[in-house]
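Fold and geometry: a report
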Amino acid sequence: MKKILIIGLITLSFSVFATSIKRSTTVEMTQEEVQLAIQLANTYEVALDINGPCTATKFEISSVTRGFNPATWTLNAGENSYELQDHEISELVSLFNRINPTLIVLNSVQTEQRVYIRGASCGFTPNDWTVTFN
């Protein structure tokens, strides 16, 4: 009886652990979202990563809400962090609504959503723009 109970507890704890791990999801960006990503990369001078014939533009967008206050939207690129403007935020809201990134509860009054935007190409091909989230 004890062995069955222990096996049952181990199975239950493993299934809870497995469901708490969520894999990242990557989706293609729409034309409007690509235009916004290019505008943000240019405005905030996001560095271009170069690796041989391949290049990539990568940055992170986060939305943090504390209590009932409006969200603070931030663009992080490398070691630089920039608070986004109202007109940029309004366009990003539609991206977040479309892909629905995971809402992370940091503590009882603070939540965060985070996405990673990447535009990459090799050779003379145009950038392939994607957004990744958990």
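Before reading on, note that the structure itself is shown above.
First things first, this report covers the structure right here in the doc. (Residues numbered from 1 in each chain as written. Predicted model: local features only at pLDDT ≥ 70, side-chain atom pairs only at ≥ 80, totals over all residues. Heavy atoms only, no water.)

Let's shift gears to helix α3 (residues 86–99). Here α3 contains 14 residues, and its C-alpha end-to-end distance of 20 Å stays within 8% of the 20 Å for a straight helix at 1.5 Å per residue. By the burial criterion, the buried members of α3 are E88, I89, L92, L95, F96 and I99. The elements touched by buried residues of α3 are β1 (25–28), α2 (31–43), β3 (54–66), β4 (72–77), β7 (110–122) and β8 (128–133). A positive backbone phi angle near 55° is found at N100, which sits one or two residues after α3. (Helix = DSSP H or I, 4+ residues; strand = E, 2+ residues; numbered from the N terminus. Expected span 1.5 Å × (residues − 1). Buried < 20%, exposed > 50% of the residue type's maximum accessible area, 1.4 Å probe, protein only. Contact = heavy atoms within 4.5 Å.)

We now examine unusual backbone geometry. The backbone of E45 shows a phi angle near 50°, a positive value even though the residue is not glycine. Inspection of the secondary structure assignment puts E45 in the loop between α2 and β2 (48–51). A relative accessible area of 67% means that E45 is categorised as exposed.

Inspection of the secondary structure assignment puts E60 in strand β3. Residue classification places E60 among the buried residues on the basis of a relative accessible area of 14%. Setting aside residues up to four positions removed in sequence, E60 forms contacts with T74, L75, N76, R114, V115 and Y116.

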